[in-house]
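Chain by chain, the residues run as shown.
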Amino acid sequence: MARTPLLMGNWKMYKTVAEARAFAEALGQQSQKLDSRIEYAICAPYTCLHVLRVMLPAQVRLGAQNVFPEKEGAYTGEIAPGMLAEFGTKYVLAGHSERRMLFGESDQFINQKIKAIVANGMTPVLCVGENSSQKEDGVTKEVVTGQVLQGLDGLTADEVGRAVVAYEPVWAIGSGKTATPDDAEEVARAIRAAVAETWSPEAAEGLRILYGGSVKPDNVASFVREPDLDGALVGGASLDPTSFAAMAEAIKGVLE
Ligand code: PEP
């Protein structure tokens, strides 16, 4: 596989600094399970970034869950991309379905964030996915490719080739239900085809596509085994260090 597999945790609004420290310590004790052919990241609450930067095993990169697309200003409660970059943050999520639904984020606003993330030298992780009624209506691929094209609009082919898209069916997030690996692969293939047509075949080849939605140690390999899926974005199962390490080992098994 030419693309480096990526196992990314999304902690959402979980973990105090003390809990993040305990996670980092416990994962550090299992760091021999983190194969160097795989990349790892934790997208943590802002308050945990410092302790994670200091304490996570070196193979695990820092990620943020959100950003505001301005350099600085009177935006009470927001965090600027430069603040995250200065901190050593490598990945930033944009367009997570919880933010689209709970905070009304539009594709246009998400696109502004993506551009700001890239402009500050970080890697955007654009989250896309259909809801259950869109799935029932059979419009999954149209919805998802539309979100990808709008989210990445204005990026160069090189920038798209270095970006990450997380395909997360909304009905699968935190529900215990998952897409089948076949269905997820079909959507990932449609994303790659849309990217190849809009930017270039090289951009489509470089873009990493993760599956997300109730991923656990016992199902992660079935997704990563698919040719167009390059890893997983994991919520609940990323909160426990033993479960995180078990997912790392399962992905390693796919590489062997
Ligand atoms: C997520 O938060 O992006 C996610 C996929 O959550 P979970 O793994 O808990 O379904």
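Per-chain numbering applies: the sequence of each chain, read as written, is numbered from 1 onward. Note on the predicted model: pLDDT of at least 70 is required for a residue's local features to be given, and 80 or more for side-chain atom pairs to be given and counted; whole-chain, interface and lining totals, by contrast, use all residues. Hydrogens and water molecules were not included; the side-chain quantities draw on all heavy atoms of the structure.

Put simply, the test is: UniProt positions are given in the numbering used here, feature names are shortened, and annotations may be inferred rather than shown by experiment.
Looking at an unreviewed UniProt entry, one finds the chain named Triosephosphate isomerase, with Alicyclobacillus acidocaldarius subsp. acidocaldarius as its source organism. The UniProt entry for the chain carries this comment under Sequence similarities (unreviewed entry): "Belongs to the triosephosphate isomerase family." UniProt lists a comment for the chain under the heading Subcellular location (unreviewed entry), and it reads "Cytoplasm".

**Remarks on unusual backbone geometry**
Cut-off, in case you're wondering: Working definition: helices are DSSP H or I runs of at least four residues, strands are E runs of at least two. Numbering for both runs from the N terminus.
Its identity as a non-glycine residue notwithstanding, Lys15 has a phi of 90°, on the positive side. Even without glycine at this site, Ser214 takes up a positive phi of about 60°. With respect to the element layout, Ser214 can be found in the loop between strand E7 (208–212) and helix H11 (220–224).

**Quick word on the nonpolar core**
Going by this rule: The set of buried Ala, Val, Leu, Ile, Met, Phe, Trp, Tyr and Cys residues whose side-chain atoms join them within 4.5 Å is what this entry labels a nonpolar core. The cut-offs for exposure are 20% and 50% of the maximum accessible area for each residue type, with area from a 1.4 Å probe on protein chains only; residues under the lower value are buried, those over the upper are exposed, and the others partly exposed. By definition in these notes, contact holds between two residues if any of their heavy atoms fall within 4.5 Å.
Of all hydrophobic cores here, the largest spans 67 residues; its most connected members are Ile42, Leu52, Leu152, Ile191, Val195 and Tyr211. Here this core takes 6 residues from helix H12 (residues 241–255), the largest share from any one element. With sequence-adjacent residues up to four places away left out, Leu152 is seen in contact with Asn111, Ile114, Leu126, Val160, Val165 and Trp199.

**Considering the site of the ligand**
This is how the line gets drawn: The rule for a residue being near a molecule or strand is that one of its heavy atoms must lie within 4 Å of it. Any pair of N or O atoms that falls within 3.5 Å is considered a polar contact. Within protein, one atom must be able to donate a hydrogen and the other to accept it, and sequence-neighbouring residues count only if both atoms are side-chain atoms. Note on areas: Shrake-Rupley, 1.4 Å probe, and residue coverage restricted to the protein chains presented here. Under the scheme applied, nonpolar residues are Ala, Val, Leu, Ile, Met, Phe, Trp, Tyr, Cys and Pro; charged residues are Asp, Glu, Lys and Arg; polar residues are all the others, including Gly.
Surrounding the ligand, one finds 14 residues, the nearest of these being Lys12, Glu168, Gly174, Ser214 and Gly235. One of the side-chain nitrogen or oxygen atoms of Lys12 is found 2.8 Å away from an oxygen atom of the ligand. At 2.8 Å, a backbone N or O of Ser214 approaches an oxygen atom of the ligand. Contact with the protein chains removes 96% of the 300 Å² of surface that the ligand exposes when unbound. Of the residues in the shell around the ligand, the class split is 4 nonpolar, 8 polar and 2 charged.

**Examining the packing of helix H7 (residues 140–151) against helix H9 (residues 181–198)**
Heads up, the rule is: Where helices are involved, their axes are fitted lines through C-alpha atoms of the stretch in contact, as for all axes, and angles between N-to-C directions lie from 0 to 180°. Angles are sorted into four bins: roughly parallel if under 35 degrees, roughly antiparallel if over 145, roughly perpendicular if 65 to 115, and oblique for all others. Handedness of a crossing follows from how the near helix is turned relative to the far one, being left-handed for an anticlockwise turn of less than a right angle and right-handed for a clockwise one.
For the pair H7 and H9, interaxial distance at closest approach is 9 Å and the crossing angle is 45°. The orientation of H7 relative to H9 falls into the category oblique. Where H7 crosses over H9, the handedness of that crossing is right-handed. Here H7 contributes Thr140, Lys141, Val144, Thr145, Val148 and Leu149 to the contact with H9, which in turn contributes Glu186, Val187, Ala190, Ile191, Ala194, Val195 and Thr198. Considering only residue class, the contact of H7 with H9 consists of 8 nonpolar, 3 polar and 2 charged.

**A short note on the UniProt feature "active site" (unreviewed entry) in the chain**
As recorded in UniProt, the feature "active site" (unreviewed entry) lies at His96 and Glu168. In terms of the greatest pairwise C-alpha distance, the residues named above, spread along 73 residues, form a tight cluster of at most 8.5 Å across. As for its position among the elements, His96 is in the loop between strand E4 (89–94) and helix H4 (97–102). Overall, His96 belongs to the buried group, its relative accessible area being 5%. Apart from residues lying up to four places away in sequence, His96 is in contact with Asn10, Lys12, Cys127, Glu168 and Ile173. Polar side-chain contacts of His96 include one of 3.4 Å to the side chain of Asn10. The residue Glu168 is located in the loop between strand E6 (164–167) and H9 in this model. Here Glu168 is in contact with His96, Cys127, Val128, Gly129, Ile173, Gly212, Gly213 and Leu233, once residues within four sequence places are set aside. A polar atom in the side chain of Glu168 sits 3.5 Å from the side chain of His96.

**Overview of the side chain of Glu226**
The criterion, for reference: Charge counting treats Lys and Arg as positive and Asp and Glu as negative, with His and both chain ends excluded. Take a side-chain nitrogen of Lys or Arg and a carboxyl oxygen of Asp or Glu: if they are within 4 Å of each other, that pair is a salt bridge.
Considering the arrangement of structural elements, one finds Glu226 in the loop between H11 and strand E8 (231–234). Despite its burial, Glu226 pairs with no opposite charge, the nearest such side chain being Arg189 at 6.0 Å. Look past the residues within four positions of Glu226 in its chain and what remains in contact with it is Pro181, Asp182 and Glu185.

**Things to note about helix H5 (residues 107–119)**
For clarity, the threshold we go by: For a helix, the expected span equals 1.5 Å multiplied by the number of residues minus one.
An ideal rise of 1.5 Å per residue puts 18 Å on 13 residues; H5 measures up with 18 Å between its terminal C-alpha atoms. Residues of H5 that are buried include every one of Ile110, Asn111, Lys113, Ile114, Ala116, Ile117 and Val118, and no others. Looking at the packing, one finds that the buried side of H5 touches helix H3 (81–86), E4, H4, strand E5 (123–128), H7 and helix H8 (157–161). A positive backbone phi angle near 75° is found at Gly121, which sits one or two residues after H5.

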